[in-house]
Amino acid sequence: MSTHGKLRKAEYDAQVKELRSQLGEQLRGLETQAEAKQQLLQDLGDFLRRKGELELEYGRGLERAAERLGARLREHPAMRRGDQDLPSGLQCCQAVLLQARQAGREHGALGEACVGPLNLALAQLSEDVGRLTKKAKELQQRSQEDLLAAVAEVQPALRTYQGYQAEALSAEAKLREAERQEEKRGGRPNPSSAPPGPPAGVGAKTPRRGSMTKGERLVEKRLVRAQEAQLKAAKARNDYLLLLGAANARLRVHFLHDLDHLLDCCDLGFHTGLARTLQRYMGAERRARGGPLGRLEGLDGAVRGLDPSGDKAKVMEANPNAYCLPPSFEYQPHEGDEVAEVVAEGSLRAELSQRLQQLQTRLSALDLENEELSKTLQATLGSLAELMGTEEHDGSELGIQESQDPTPTRTPPGKRRAQLQETESFYLAKLSDFLRDRSVQAKLESKRDQLQAALKRAASAEKLYRTPQRLRCPRPLSQCPGQGFPSDLETFVQSTGEPIPLVVKSCIRYINLHGLQHEGIFRVPGSQVEVSELRNAFERGEDPLADPVTPISLDSVAGALKLFFRGLQPPLLPPELYNDLIATDQLPTGPYRLAQLHAVLSQLSAPTLVLLRYLFAFLNHLSQYSDENLMDAHNLAVCFGPALGGLPPGTDPVGAQPRFNAAVAALVLQPDAAFPAPPALSGPIYEKCMALHVDDGDCDSLQLEGVAEEGDAPPGTSPSALPISCDDPPMAPGPRRWWGRPEVNGARSLIPHTFPVLPECASPVDGEFKNPPTETTLEPSSRLRVDSSGTQGRGTSPGRRRITHFKELGHMPLSGGGRGGLHADRAEPKSSGDRQGLAQTFTEVDKAVSRHMTSVFQELRGRAALKPLGAPNSPPAFPKE
């Protein structure tokens, strides 16, 4: 890693560390606020209990004093005589006695209320605060884990992007070097056009034709590899930018929206409960004092001024380090990469368009779900407010007279509290779902916006530069026919030498290119007919997924892949490892558990480990798109667990399979730690960014492994008269291959190595041929040229038939055509008229072939040469020769 990259890595690590510290401060802030609230309620409860004790003691003392006064008054002579008309002084004493007794009862009731119901209400409110804070902390931890997971996905994507970008730069450098070498060789005198001089080996040396052919072939090979590397780098950059935008969107949602809900969750019912308790206390005071009291007006105003939103804002202002939005994560381009946005050029456009459609479908479903959740939350909050505003205790405890309603509907306090807690749990569950869905929605909206902008830029560029049409190529054959679905993996590897079977590579490549965001991949069953067709094709040795435009359902491809693993006997994870695998599920998540999984898997054979490592690396990559495809590690384990492993005989699958799936889920989450690394275990490694398979004759990737080089032709030369030479023998008939790139009108392009030819026995009868034209291989040393005399041209190999293009051009009327008019190069014309007619016929055919090939060349010239995908203000260039 370069010094610049190390500095960027250090900045990223420091930013993540600061974010973790900030999130930890938020959790500690919740605990601190809960402790402060509980301490406040406890202090208030202690005060009311002490006040209640004092009131009770005062009331009892007042009653004792009134009792003594009453005893003295009963000894008064007027009271002894039982006079009805008591003295006025005695009447005043009796009034004082009655007031003292009433005051004693009221103080006693106030004391009992302070010691009993009010103190109990504060204790329950403190318990509610602790319970809600604990649940809110769990919600916040899940929210933080989701945020950190979104941030953690950025760094692997960055490393992947940097790796592919480095490969692209290396491939481009190799291509430039090969071009420079070829330019040097091209500047030497051409032996075919050099003036007469000394023979070879005497005087100045001229390069052999084979050396120039090899150099130009090397340029073509490196061009293909550079284009593939550029495509992979563009895909990796797109993934990195999309994940970076999603992480920043998730960061904003957490700090700007989620924290509000979480703090409200901590305060749920606190202000309402406190206000209700203090109002009951003021009511008891007024009844104890016999009417409204001026000193309670201040308390009443304070109760009315309880403000949950204001308190939340004060908490955030008092802790700016915990609640302020941190800076967003910045894009870190690789050295020399000037592209800083998602690109949708070339083959990427169709892929991103399909992904955008899937995102929009997923977002539409999320919008409906979030709307329903929002309505449910509002209704649940109303029910909670109604339950919290209901008097929990009987009014007689505070000296309130019971209602005279003959049909009371009062709910018992215990049942009411149970209903409150049940409603509260329901609200928190729905709040958790709402926060999770809004998190996913924010990330998907960020990706959608970036994709829409990229496709809009691509559409604008398309108006300026026409995109060439895609050429379809025939489907290649496998190198191991008849072994597409082997039953025994080790036997297959030993017999074929291929560590990864073709069906696995092909299905995974197809899903990687087209289905990483497909909703329900591996969970939704595919068509049994298509799965059977795929299996039959693989069994015949074909690769039915090599053609990227083949309309095959992704669910059927996934079904074929699962079918392959289900058919392996013994399974990749044999029953003998079942107990060891499920034992790791009981261990706490961490390095020790991964070490135990690694030790268990080390008992498997090397071919099995190579295939499992390849598969689980793919499943881990697939799980990273769980926001879009809804297939996380657990869901993938449920789908693949039964296909990968077998249960011991006599084991109950209902209880055993979930435990086995949990171990498989751990492998999906941490494949790098569970399986040996490439130095310890050699074999293919899964690549996150794949391009179209260039080793199977794909036209878009310009497969040129067998390219034959051509001589230089002057501008304007007919394609049918172009010389083609190659040191290698021509390839066998099969998938369409391409010879070198002849120069036509100043531009160089490709021509196919096979053309239809007219059989020796073919002759026109009533305007049609008895034997249809066949296809023959183009000789590297031949010249597609016909002399005006109708005889074989100077560059044509003896004994070869002349090449025409009847399949594309249709049946053309031939002038001067007798039965022997077109007997290739073996039959001699019988007369000068026949010779002239034959020459005219070949001239017309040659012109038609020339027109057709010129159109082919013009289309192939439209292909963009090597350039960074998405480079700003760079029109498509042509290959540099």
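Just so we're clear, the structure is a prediction, and the values are computed from it rather than from any experiment.

Topic: the overall build of the protein chain
- Counting secondary structure elements, the protein chain contains 25 helices and 6 strands.
- Burial status across the protein chain gives 47% buried among its 881 residues.
- Considering only intrachain contacts with a sequence separation of at least 6, the fraction spanning at least 24 residues in the protein chain is 80%.
- With the model as given, the accessible surface of the protein chain reaches about 43,500 Å², and the carbon-plus-sulfur share is 52%.

As for the nonpolar core
- Residues Val504, Phe522, Phe565, Phe616, Phe618 and Leu619 are the most contacted members of the largest nonpolar core, which totals 73 residues.
- In terms of residue count, the dominant contributor to this core is helix 19 (residues 606-623) (11 residues).
- Apart from residues lying up to four places away in sequence, phenylalanine 522 is in contact with Ile511, Ala558, Leu561, Lys562, Phe618, Leu619, Leu622, Leu636, Cys639 and Phe640.
- In terms of nonpolar packing, the next biggest core, distinct from the first, is built from 69 residues, Leu23, Leu241, Leu366 and Leu387 among them.

Comments concerning empty space enclosed by the protein
- Considering all chains together, one arrives at 9 cavities of 30 Å³ or more under this definition.
- Looking at the largest cavity, it is lined by 20 residues, and the ones nearest its centre are Asp239, Glu351, Arg355, Asn512 and Gln517.
- Contributing elements (two or more residues each) for the lining of the largest cavity: helix 6 (209-266), helix 11 (347-389) and helix 14 (502-514).
- Considering each element in turn, the lining of the largest cavity owes the most residues, 6 residues, to helix 11.

Focus on the side chain of glutamine 441
- In this fold, glutamine 441 is placed in helix 12 (residues 413-464).
- Leave out the neighbours within four places in its chain, and glutamine 441 touches Leu363, Leu366, Asp367 and Asn370.

Points about the environment of glutamate 330
- Examined against the element boundaries, glutamate 330 turns out to sit in the loop between helix 10 (320-323) and helix 11.
- Contacts of glutamate 330, omitting those with residues within four sequence positions, involve Tyr240 and Leu244.

Digging into the packing of aromatic side chains
- Under the counting rule described, the total for this entry stands at 12 aromatic pairs.
- For the pair tyrosine 12 and phenylalanine 329, a centre-to-centre distance of 5.8 Å together with 50° between the ring planes defines the contact as tilted. Pair noted here: tyrosine 12 is in helix 1 (residues 3-74) and phenylalanine 329 is in the loop between helix 10 and helix 11, with a separation of 317 residues, a long-range link. An identical accessibility class is assigned to tyrosine 12 and phenylalanine 329; each is buried.
- Taking 5.7 Å as the distance between ring centres and 70° as the angle between the ring planes, the aromatic pair formed by phenylalanine 618 and tyrosine 686 counts as edge-to-face. With phenylalanine 618 in helix 19 and tyrosine 686 in the loop between helix 23 (671-674) and strand 1 (743-744), this pair connects stretches of sequence that are 68 residues apart.
- With relative accessibility at 0%, the residue phenylalanine 618 sits in the buried group.

Describing helix 16 (residues 554-566)
- When the terminal C-alpha atoms of helix 16 are compared, their 18 Å separation across 13 residues agrees well with the 18 Å that a helix rising 1.5 Å per residue should span.
- Taking burial as the measure, the 13 residues of helix 16 include 11 buried ones, the bulk of the element.
- Of the positions making up helix 16, those classed as buried are Leu554, Asp555, Ser556, Val557, Ala558, Gly559, Ala560, Leu561, Lys562, Phe564 and Phe565.
- With a side-chain oxygen lying 3.3 Å from the backbone nitrogen of aspartate 555, the N-terminal cap of helix 16 falls on serine 553.

Side note on the pattern of salt bridges
- Summed over the entire model, instances satisfying the criterion amount to 36 salt bridges.
- Residues arginine 49 and aspartate 46 are paired through a salt bridge, measuring 2.7 Å at the closest nitrogen-oxygen approach. With a gap of 3 residues between them, arginine 49 and aspartate 46 both fall in helix 1, about one helical turn apart.
- Given the relative accessible area of 31%, aspartate 46 is considered partly exposed.
- For lysine 312, the salt bridge identified is with aspartate 264, shortest N-O distance 3.1 Å. Remark: aspartate 264 occurs in helix 6 and lysine 312 occurs in helix 9 (residues 308-318); sequence separation between them is 48 residues.
- Judged by its relative accessible area of 36%, aspartate 264 falls in the partly exposed class.
- One continuous salt-bridge network, built from bridges that share partners, spans Asp146, Arg250, Asp258, Arg438, Lys443 and Asp627.

So, the packing of helix 4 (residues 117-152) against helix 7 (residues 270-289)
- Contact geometry of helix 4 with helix 7 gives a least axis separation of 10 Å together with a crossing angle of 175°. Between helix 4 and helix 7, the angle is such that the two are roughly antiparallel. Where helix 4 approaches helix 7, its residues Pro117, Leu118, Ala121, Leu122, Leu125 and Val129 are matched on the opposing element by Phe270, Gly273, Leu274, Thr277, Arg280 and Tyr281.
- Split by residue class, the contact of helix 4 with helix 7 holds 9 nonpolar, 2 polar and 1 charged.

Here's the deal with the environment of glycine 541
- With respect to the element layout, glycine 541 can be found in the loop between helix 15 (528-539) and helix 16.
- A sequence separation of 56 residues divides glycine 541 from phenylalanine 485, and the C-alpha atoms of the two residues are 9.9 Å apart.

Some remarks on the side chain of serine 556
- For serine 556, the position within the fold is in helix 16.
- Side-chain polar atoms of serine 556 contact the backbone nitrogen of serine 527, separated by 3.1 Å.
- Those residues in contact with serine 556 that lie beyond four places of it in its chain are Gly526, Ser527, Glu530, Val531 and Leu534.

Thoughts on the packing of helix 14 against helix 19
- Running from N to C, helix 14 and helix 19 point in directions that differ by 15°, and their axes come no closer than 11 Å. The orientation of helix 14 with respect to helix 19, classified from their angle, is roughly parallel. Crossing hand, helix 14 versus helix 19: left-handed. When helix 14 is examined against helix 19, the residues Val504, Lys505, Ile508, Ile511 and Asn512 are found in contact with a partner set consisting of Leu611, Tyr614, Phe618 and His621.

Some words on unusual backbone geometry
- Omega for the peptide link from glutamine 569 to proline 570 comes to 0°, which places this bond in the cis form.
- Mapped onto the elements, proline 570 comes out in the loop between helix 16 and helix 17 (578-585).
- Of note, phenylalanine 522 is a non-glycine position whose phi angle comes to about 75°, a positive value.
- The phi angle at leucine 630 is positive, at roughly 60°, despite the residue not being glycine.

Some points on the environment of glutamate 369
- The topology assignment puts glutamate 369 in helix 11.
- Remark: the alpha-carbon pair of glutamate 369 and aspartate 437, spanning 68 residues in sequence, is separated by 8.2 Å.
- With residues up to four places along the chain from it excluded, the contact list for glutamate 369 reads Arg436 and Asp437.

Conventions used here
- Residues numbered from 1 in each chain as written.
- Predicted model: local features only at pLDDT ≥ 70, side-chain atom pairs only at ≥ 80, totals over all residues.
- Heavy atoms only, no water.
- Helix = DSSP H or I, 4+ residues; strand = E, 2+ residues; numbered from the N terminus.
- Buried < 20%, exposed > 50% of the residue type's maximum accessible area, 1.4 Å probe, protein only.
- Contact = heavy atoms within 4.5 Å.
- Areas by Shrake-Rupley, 256 points an atom, 1.4 Å probe, with all protein chains shown as cover.
- Core = buried A, V, L, I, M, F, W, Y, C linked by side-chain atoms within 4.5 Å.
- 1 Å grid on protein atoms, 1.4 Å probe; cavity = no way out; pocket = protein on both sides within 12 Å on 5 of 7 lines; lining within 4 Å.
- Points joined across faces, edges and corners; volume = space filled by probe spheres on them.
- Phe/Tyr/Trp six-rings, centres within 6.5 Å; stacked < 30°, edge-to-face > 60°.
- Expected span 1.5 Å × (residues − 1).
- Polar contact = N/O pair within 3.5 Å; in protein donor to acceptor, adjacent residues only side chain to side chain.
- Salt bridge = Lys/Arg side-chain N within 4 Å of Asp/Glu carboxyl O.
- Axes fitted to C-alpha atoms, helices over the stretch in contact; angles between N-to-C directions.
- Parallel < 35°, antiparallel > 145°, perpendicular 65-115°, else oblique.
- Nonpolar A, V, L, I, M, F, W, Y, C, P; charged D, E, K, R; others polar.
- Left-handed = near helix turned anticlockwise from the far one by under 90°.

Interpretation in functional terms is not warranted from these geometric data alone.
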